[in-house]
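Topology and contacts: notes
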Amino acid sequence: MKVLLAPDKFKGTLAAGQVADHLAAGLRRVRPDLEVRVVPVADGGEGTVDAACAAGFDRLVTTVTGPLGSPVRAMLGLRGGTAVLELAQASGLGWGSSPMSASSYGVGELIRVAMDIGCSRIVLGLGGSACTDGGAGMLRALGALVMDADGVPVEPGGGGLARVARLDLSGLDSRLEQVELVLATDVDNPLSDAAPVYGPQKGASPLQVALLGQALAHWAEVVGGDPTLPGSGAAGGVGYAALAVLGAVRRAGVDVLLDLLGFGDAVHDAALVITGEGSLDAQSLRGKAPVGVARAAGGVPVVAVAGVCSLTAEDLVGTGISAAYALTDLEPDPARCRARPGPLLERTAERIVRDHLCC
């Protein structure tokens, strides 16, 4: 009997592969005979490159410019002519945030690295960004000039966009014309949402949110394209620049990753799929990893494991997830769950065996 483990990370505690390891240990404690397959997944946010590398992509570590201008280390996942990049690696909140000046420059540098080694398909996971610069930094790293009325480059970050008078693309890296750029994101917001919806998460005050919103609207007037396209507001507007200028195609992040990781082959003949993420909530229903896994399971029963779950059985109807298990069912204190999630995951896996796989 085969069980497929396809969890996302438990943010702030365990990577997706670690979640799968603990689940596998619990399953085998009750049913040593189970065949356990593991496909750690991601939805385009943090953990995307880790998930790709866990599925066989080669790992390349490089140095790029972080959101505040200091050098940071970032990873790419490589296989054949495909590169998997993660915005959070280069311009993520983990490197610090300055709402008005944080830049996406390092994202453009990651794209250049992928092209330097000959990749013709680049999958860019958008999520966890520290910047709200409309992707201007990314474009600069790729050769564009972002200038004011006097022809002087404006300062980095979303604050500088208010003074932009011209975007010069004559120096844009010509190799981009030969590259397929896929945006992997669960965010479908337009550019107008980038500041008010996500700015506060990056430390922006109400005044800064208003200024960033005005600056992004002005940026869209200069750049052109369609700022209302779904995903334009992803990663502080990096999605907008990629769609409007670089000719990128947006897809739901989990769908892109499931294709890359070979989920369709792995789920074949499985008796059960176990997925999950740190918090199973209303946001999960908008296309995050667990629902994406259930949608792709092709009728195989799916259960989900989470640190906390605020969804009812009625909420799960139509998602393809037949049952949800929360670590807080075993340990009501969320802080203790976060401190020692591994043993709780193993005990939860034991429950799942007894509930869904007859002994």
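Residues numbered from 1 in each chain as written. Predicted model: local features only at pLDDT ≥ 70, side-chain atom pairs only at ≥ 80, totals over all residues. Heavy atoms only, no water.

**Some details on the side chain of Glu 109**
Examined against the element boundaries, Glu 109 turns out to sit in helix H4 (residues 105–116). No salt bridge is formed by the buried Glu 109. Its closest oppositely charged neighbour is Arg 112, at 4.9 Å. Within the structure, the side chain of Glu 109 is placed 2.5 Å from the backbone nitrogen of Thr 65, a separation counted as a polar contact. With residues up to four places along the chain from it excluded, the contact list for Glu 109 reads Val 64, Thr 65 and Ala 141. (Helix = DSSP H or I, 4+ residues; strand = E, 2+ residues; numbered from the N terminus. Buried < 20%, exposed > 50% of the residue type's maximum accessible area, 1.4 Å probe, protein only. Lys, Arg positive; Asp, Glu negative; His and termini not counted. Salt bridge = Lys/Arg side-chain N within 4 Å of Asp/Glu carboxyl O. Polar contact = N/O pair within 3.5 Å; in protein donor to acceptor, adjacent residues only side chain to side chain. Contact = heavy atoms within 4.5 Å.)

**Quick word on empty space enclosed by the protein**
Counted according to the given criterion, the structure contains 1 cavity of 30 Å³ or more. Taken as a whole, the largest cavity encloses approximately 30 Å³ of empty space. Surrounding the largest cavity, Leu 176, Val 179, Leu 181 and Leu 246 form its lining. Of the residues in the lining of the largest cavity, the class split is 4 nonpolar, no polar and no charged. (1 Å grid on protein atoms, 1.4 Å probe; cavity = no way out; pocket = protein on both sides within 12 Å on 5 of 7 lines; lining within 4 Å. Points joined across faces, edges and corners; volume = space filled by probe spheres on them. Nonpolar A, V, L, I, M, F, W, Y, C, P; charged D, E, K, R; others polar.)

**Let's talk about the nonpolar core**
Note on soluble globular proteins: their nonpolar side chains tend to be buried together. Among the nonpolar cores identified, the biggest contains 59 residues, and Leu 85, Met 138, Leu 139, Trp 219 and Leu 246 are the most heavily contacted of them. Here the element with the most residues in this core is helix H7 (residues 206–223); it accounts for 7 residues. Among residues more than four places away in sequence, those in contact with Leu 139 are Ala 144, Leu 167, Leu 172, Trp 219, Ala 241, Val 245 and Leu 246. Core analysis: the second largest hydrophobic core is formed by 39 residues, Ala 51, Val 182, Val 254 and Val 267 among them. (Core = buried A, V, L, I, M, F, W, Y, C linked by side-chain atoms within 4.5 Å.)

**Re the pattern of salt bridges**
Any two side chains of opposite charge can pair, given that their charged atoms come close. With the rule as written, the count across this model stands at 18 salt bridges. Of the charged contacts, one joins Asp 148 and Arg 163 as a salt bridge, the two residues approaching to 3.1 Å between their closest N and O atoms. Here Asp 148, found in the loop between strand E7 (145–147) and strand E8 (166–168), pairs with Arg 163, found in the loop between E7 and E8; they are 15 residues apart in sequence, far enough to count as distant. On the accessibility criterion, Asp 148 (11% relative accessible area) is buried. You can call Arg 163 partly exposed: its relative accessible area is 40%. Through salt bridges with shared partners, a single network forms among Arg 29, Glu 346, Glu 350 and Arg 354.

**Focus: the pairing of strand E4 (residues 71–79)**
As judged from the 8 bridges shared by strand E3 (residues 58–65) and E4, these two strands associate in the antiparallel manner. Looking at E4, one finds that Asp 58 is bridged to Leu 78. Connecting the antiparallel pair E3 and E4 is a turn made up of 5 residues, with Gly 69 showing a positive phi of about 100 degrees. Between E4 and strand E5 (residues 82–86), which pair antiparallel in sequence order, lie 2 residues; one of them, Gly 80, sits at a positive phi of approximately 60 degrees. (Pairing = 2+ DSSP bridges.)

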